[in-house]
2 protein chains.
Amino acid sequence: MKTDWIAVDWGTSNLRAWAMGQGGILAHAASDDGMGSLDRDGFEPALLRLITPWLTADRTEVIACGMVGSRQGWFEAPYRATPCTPLDSASLVTAPSRDTRIAVRLIPGLKQAKPADVMRGEETQIAGVLALNPGFDGVICLPGTHSKWVHVSAGEVVSFQTFMTGELFALLSTQSVLRHGMTGGDWDDAAFDTALSDTLSRPERIGAKLFGLRAEGLIAGLDAGAARARLSGLLIGVELAASKPFWLGQEVAIVGSEALAKSYARALVTQGASPRLVPATDATLAGLTAARAQVTA
Amino acid sequence: MKTDWIAVDWGTSNLRAWAMGQGGILAHAASDDGMGSLDRDGFEPALLRLITPWLTADRTEVIACGMVGSRQGWFEAPYRATPCTPLDSASLVTAPSRDTRIAVRLIPGLKQAKPADVMRGEETQIAGVLALNPGFDGVICLPGTHSKWVHVSAGEVVSFQTFMTGELFALLSTQSVLRHGMTGGDWDDAAFDTALSDTLSRPERIGAKLFGLRAEGLIAGLDAGAARARLSGLLIGVELAASKPFWLGQEVAIVGSEALAKSYARALVTQGASPRLVPATDATLAGLTAARAQVTA
């Protein structure tokens, strides 16, 4: 079973690679050699540690997306400006490598001038959603550390907006005074729904509602599972209030299948939307495959 | 110059003490033996390290406010329930001590049942504002890690609300992805004003505006001083949007004199309010003195 090419998703914290053949995935490997833990000379060895078993004497093409193409990555793949297609074969950047068995190409991220915004990695997932859903016209939501809402029309990224929701949840639940009441207990869907509805309709309440979690823990014995669900609901509620121009009355695809994506779907359903879920890895691989097809076309 | 009594402000990070005589302050001492760094047996020695020079064979009364009275403090002084006066001599709690030269009394914090909220230390500053401004009726704003807005009428705390604004600023500027663009440069008042106005009128924008600081740093060279001022303006804007029922058309006193309090004052002035500034230490000392006067009355 010959490896035709290698697909790589290389983010800040993780590196994932797939050996791709005629029939699809032949093998998969992953490590925690994320961009954040490597210096410039560390990328090629980190990649080779994962993919050497798949290489032959011939040169194998590697196509990679994510933070690997940032200024702090292996080599900078400059942002392309929206509006534009999520991928453009002419804009792939070759990363310098010594090993003659590989040729590594990096997919550039996208930038939007006003309001200023950037993405890196999500453009590939957007291309994947379009590949998996030909003719898709609407909005793609990519929940995560930095959630993105992307308006897609006629195969182009028209505009997008990033929210720090996931990073705020992580900071508040592990680094702030709220951390004292966040461990243990069971997730509480009703608490999520109420909190979401609170900040979706009155987003300015977020600051006070946050400290309320601490106060209720101190004087009213708030359960930790309910507190976590409420924190998530409060933060996602503010995001949905601000992203309403994106999702209201639109076809919405959510990239993800884990608990977080399901929370977004649950929230949107309460607002009358009918989002479809696209598993994140499916979107990434379909996008990398689309990039590969453009190169060989 | 005999020490009549000793005033103590004991927070999470710091311990401050004043030797008080007939004419006012005789001496001042401070250390970083905050509540957060002490176990239960560490409080008395930490206090004695500071105040021993002021003690005599006679027993000296110590009156303390702040986190020293929390469950994790020297001894728990249970919250009093609002509406109530900020101080009540009958509710002072005696902290157990071995040294016969001191008698330590702790001022309890306040709690509000609905919406759930708590304060510890601020009740003393509120009493101080009332002592320094007899007959004050209106709203007291206490900016800080956990900013408080307090509605005071007829000498009582009627209601209050806490915002995590200061803690969010600290987390976002030092722990989040925004930390990359926050160091250096000069504070930019115009950037503060614009950001404040943005989220005061459209608080739901906060999530997207936050990531915008990072994106503008990456693709438009946003200056770090302007980024810091904008982050502060965005967060205070959301707080002012939510606290509008407190400050709109009210007499407002801001406890504090440092840059943060001045930022709040600047923000309120843009909204047509005319806040007065009360230096924080003046408020704390006036409050502790009022507590002492109640005890000896």
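Residues numbered from 1 in each chain as written. Chains lettered and ligands numbered in written order. Predicted model: local features only at pLDDT ≥ 70, side-chain atom pairs only at ≥ 80, totals over all residues. Heavy atoms only, no water.

Chemist: Quick question: what am I supposed to make of the environment of B:Glu76 here?
Modeler: Residue and element names in this part refer to chain B. Mapping glutamate 76 onto the fold places it in the loop between strand 4 (60-65) and strand 5 (80-81). The class of glutamate 76 is partly exposed, set by a relative accessible area of 29%. A sequence separation of 209 residues divides glutamate 76 from leucine 285, and the C-alpha atoms of the two residues are 22 Å apart. Setting aside anything within four residues of it in sequence, one finds glutamate 76 in contact with Gly69, Ser70, Arg71, Val93 and Arg120. (Helix = DSSP H or I, 4+ residues; strand = E, 2+ residues; numbered from the N terminus. Buried < 20%, exposed > 50% of the residue type's maximum accessible area, 1.4 Å probe, protein only. Contact = heavy atoms within 4.5 Å.)

Chemist: Looking at this model, I keep getting lost on the pattern of salt bridges. Mind explaining?
Modeler: As a working rule, side chains carrying opposite charge can pair if their charged atoms are close by. Using the criterion set out here, one finds 24 salt bridges over all chains in the structure. With a closest N to O distance of 3.2 Å, A:Glu61 and A:Arg105 form a salt bridge. One end of the pair, A:Glu61, is in strand 4 (residues 60-65); the other, A:Arg105, is in strand 7 (residues 102-106), and 44 residues separate them in sequence. The exposure class of A:Glu61 is buried, given its relative accessible area of 15%. Two residues, B:Asp189 and B:Arg266, come together in a salt bridge whose shortest N-O distance is 3.8 Å. One end of the pair, B:Asp189, is in helix 4 (residues 189-201); the other, B:Arg266, is in helix 8 (residues 259-270), and 77 residues separate them in sequence. Judged by its relative accessible area of 36%, B:Asp189 is partly exposed. (Salt bridge = Lys/Arg side-chain N within 4 Å of Asp/Glu carboxyl O.)

Chemist: How do you make sense of the side chain of B:Glu122 when you look at a structure like this?
Modeler: Residue and element names in this part refer to chain B. Mapping glutamate 122 onto the fold places it in helix 2 (residues 122-132). A polar contact is formed between the side chain of glutamate 122 and the backbone nitrogen of arginine 120, at a distance of 3.2 Å. Ignoring sequence-local partners within four residues, the contact set of glutamate 122 consists of Leu142, His146 and Lys148. (Polar contact = N/O pair within 3.5 Å; in protein donor to acceptor, adjacent residues only side chain to side chain.)

Chemist: Hey, could you run me through the state of the cysteines in this one?
Modeler: By definition, a disulfide is the covalent link that joins the sulfur atoms of two cysteine residues. Summed over the entire model, instances satisfying the criterion amount to zero disulfides over all chains. Distance from the sulfur of A:Cys65, which forms no disulfide, to the nearest cysteine sulfur (A:Cys84) is 15 Å. (Disulfide = S-S within 2.5 Å.)

Chemist: When you look at the domain arrangement of chain A in this model, what are you seeing that I'm missing?
Modeler: How big an interface is tends to be expressed through the accessible area that disappears when the partners come together. Residue and element names in this part refer to chain A. Examined at the domain level, chain A breaks down into domain 1 (1-111) and domain 2 (121-280). Every contact between the two is made by 13 residues of domain 1 and, on the other side, eleven residues of domain 2. Of the roughly 930 Å² buried where domain 1 meets domain 2, counting both sides, 70% is carbon and sulfur surface. Considering only the surface of domain 1 that becomes buried against domain 2, Pro83, Pro86 and Leu110 emerge as the three largest contributors, covering 41% of it. Counting across the interface, domain 1 meets domain 2 through zero salt bridges. If you look at where domain 1 meets domain 2, you find one residue pair in polar contact (both at pLDDT 80 or more). (Domains from an automatic or database assignment. Buried area = accessible area lost by both parts, 1.4 Å probe.)

Chemist: Can you help me understand the relation of the copies chain A and chain B in this one?
Modeler: Each of the two chain copies can be brought onto the other by rotation about an axis and movement along it. By a simple turn and slide, chain A fits onto chain B: the slide is 0.0 Å along the axis, the RMSD is 0.0 Å, and the turn is 180 degrees. What the rotation and shift describe, once combined, is the action of a two-fold rotation axis. When the interface residues of chain A are mapped onto chain B, 100% of them again lie at the interface, so the same face is used by both copies. (Least-squares fit on C-alpha atoms with pLDDT ≥ 70 in both.)

Chemist: Is there a simple way to explain helix 4 (residues 189-201) of chain A in this structure?
Modeler: Since the α-helix turns once every 3.6 residues, residues separated by three or four places project in the same direction. Residue and element names in this part refer to chain A. In this model helix 4 runs 18 Å from its N-terminal to its C-terminal C-alpha over 13 residues, within 8% of the 18 Å that 1.5 Å per residue would give. Among all positions of helix 4, only Ala191, Phe192, Ala195, Leu196, Thr199 and Leu200 are buried. One face of helix 4 carries all of its buried residues, which in axial projection span an arc of 155 degrees. Counted as exposed and oriented over 90 degrees from the buried face of helix 4: Ala190, Thr194 and Ser201. On its buried face, helix 4 is in contact with helix 5 (206-219), helix 6 (224-242), helix 7 (244-247) and helix 8 (259-270). N-cap assignment for helix 4: the residue whose side-chain oxygen lies 3.0 Å from the backbone N of alanine 190 is aspartate 188. (Expected span 1.5 Å × (residues − 1). Arc of directions from axis to C-beta.)

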